[in-house]
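# Residue-level structural notes
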Amino acid sequence: FPQTWKHACKAFQSRQSADAWANDANNKRVPLGAVASRDLKSIDVSRSNVAVIRYDTSFAKKSGAVETVTLTFENNGWAVSDYSVN
């Protein structure tokens, strides 16, 4: 997870340190187990320079989850600005 922080957008990095992100991501993802399947659910690009991508994801220990990845366009490329799993 520390590597993903390095590639996140500046706003994401300023909200939390690399260690805090690694701890938070570890607490969210590890209990779910490995990804068994991931299917694109939706892409919303209705806001300027923001894309919200949702996946229907089945994990080894939880089926029927939805992962949401928010991307922000900065420095001529897309970078992660938020991640959640429910």
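Report follows, based on the coordinates. (Residues numbered from 1 in each chain as written. Predicted model: local features only at pLDDT ≥ 70, side-chain atom pairs only at ≥ 80, totals over all residues. Heavy atoms only, no water.)

### Quick look at the environment of Ser48
Applied cut-off: Where helices and strands are cited, they refer to DSSP runs of H or I of at least four residues and of E of at least two residues respectively, numbered from the N terminus.
Assignment of secondary structure puts Ser48 in the loop between strand 1 (35–44) and strand 2 (50–59). Each C-alpha atom, one on Ser48 and one on Thr72, is 9.0 Å from the other, the two residues being 24 residues apart in sequence.

### A word on the pattern of salt bridges
The condition that has to hold: A pair is scored as a salt bridge if a Lys or Arg side-chain nitrogen falls within 4 Å of a carboxyl oxygen belonging to Asp or Glu. The cut-offs for exposure are 20% and 50% of the maximum accessible area for each residue type, with area from a 1.4 Å probe on protein chains only; residues under the lower value are buried, those over the upper are exposed, and the others partly exposed.
Applying the stated criterion across every chain yields a total of four salt bridges. As a salt-bridge pair, Asp24 and Lys28 come within 3.3 Å of each other at their nearest N and O atoms. Taken together, the residues span about one helical turn, with Asp24 and Lys28 both in helix 3 (residues 18–29) at a distance of four residues. Residue Asp24 is classed as partly exposed on the basis of its relative accessible area of 28%. Here Glu67 makes a salt bridge to Arg38, at a shortest N to O gap of 2.7 Å. Highlighted residues: Glu67 in strand 3 (residues 62–74) and Arg38 in strand 1, separated in sequence by 29 residues. Using a relative accessible area of 39% as the deciding quantity, one classes Arg38 as partly exposed.

### What to know about the nonpolar core
Quick reminder of the rule: We call a set of buried Ala, Val, Leu, Ile, Met, Phe, Trp, Tyr and Cys residues a nonpolar core when their side-chain atoms join them within 4.5 Å. Every residue pair with non-hydrogen atoms within 4.5 Å of one another is taken to be in contact.
Judged by nonpolar contacts, the single largest core of 16 residues is most densely connected at Phe12, Trp21, Phe59, Leu71, Tyr83 and Val85. Where this core is concerned, the elements lending two or more residues are helix 3, strand 2, strand 3 and strand 4 (77–85). Filtering out sequence-adjacent residues up to four positions away, Trp21 remains in contact with Phe1, Thr4, Trp5, Phe12, Gln16 and Tyr83.

### Points about the layout of surface pockets
Applicable threshold: Using a grid of 1 Å spacing that covers the protein atoms alone, one calls a set of points a cavity when a 1.4 Å probe fits there but cannot get out, and a pocket when the set is open and has protein on both sides within 12 Å along at least five of seven lines; lining residues are those with an atom within 4 Å of a point. Grid points are joined across faces, edges and corners, and a volume is the space filled by probe spheres set on the points. Throughout this entry, Asp, Glu, Lys and Arg are counted as charged residues, while Ala, Val, Leu, Ile, Met, Phe, Trp, Tyr, Cys and Pro are counted as nonpolar. The remaining residues, Gly among them, count as polar.
When its volume is computed, the largest pocket comes out at roughly 220 Å³. Around the largest pocket sit Phe1, Thr4, His7, Ala8, Phe12, Trp21, Ala25, Arg29, Val69, Val80 and Tyr83, which together line it. Only helix 3 and strand 4 provide two or more residues apiece to the lining of the largest pocket. With three residues, the single largest contributor to the lining of the largest pocket is helix 3. Partitioning the lining of the largest pocket into residue classes produces eight nonpolar, two polar and one charged.

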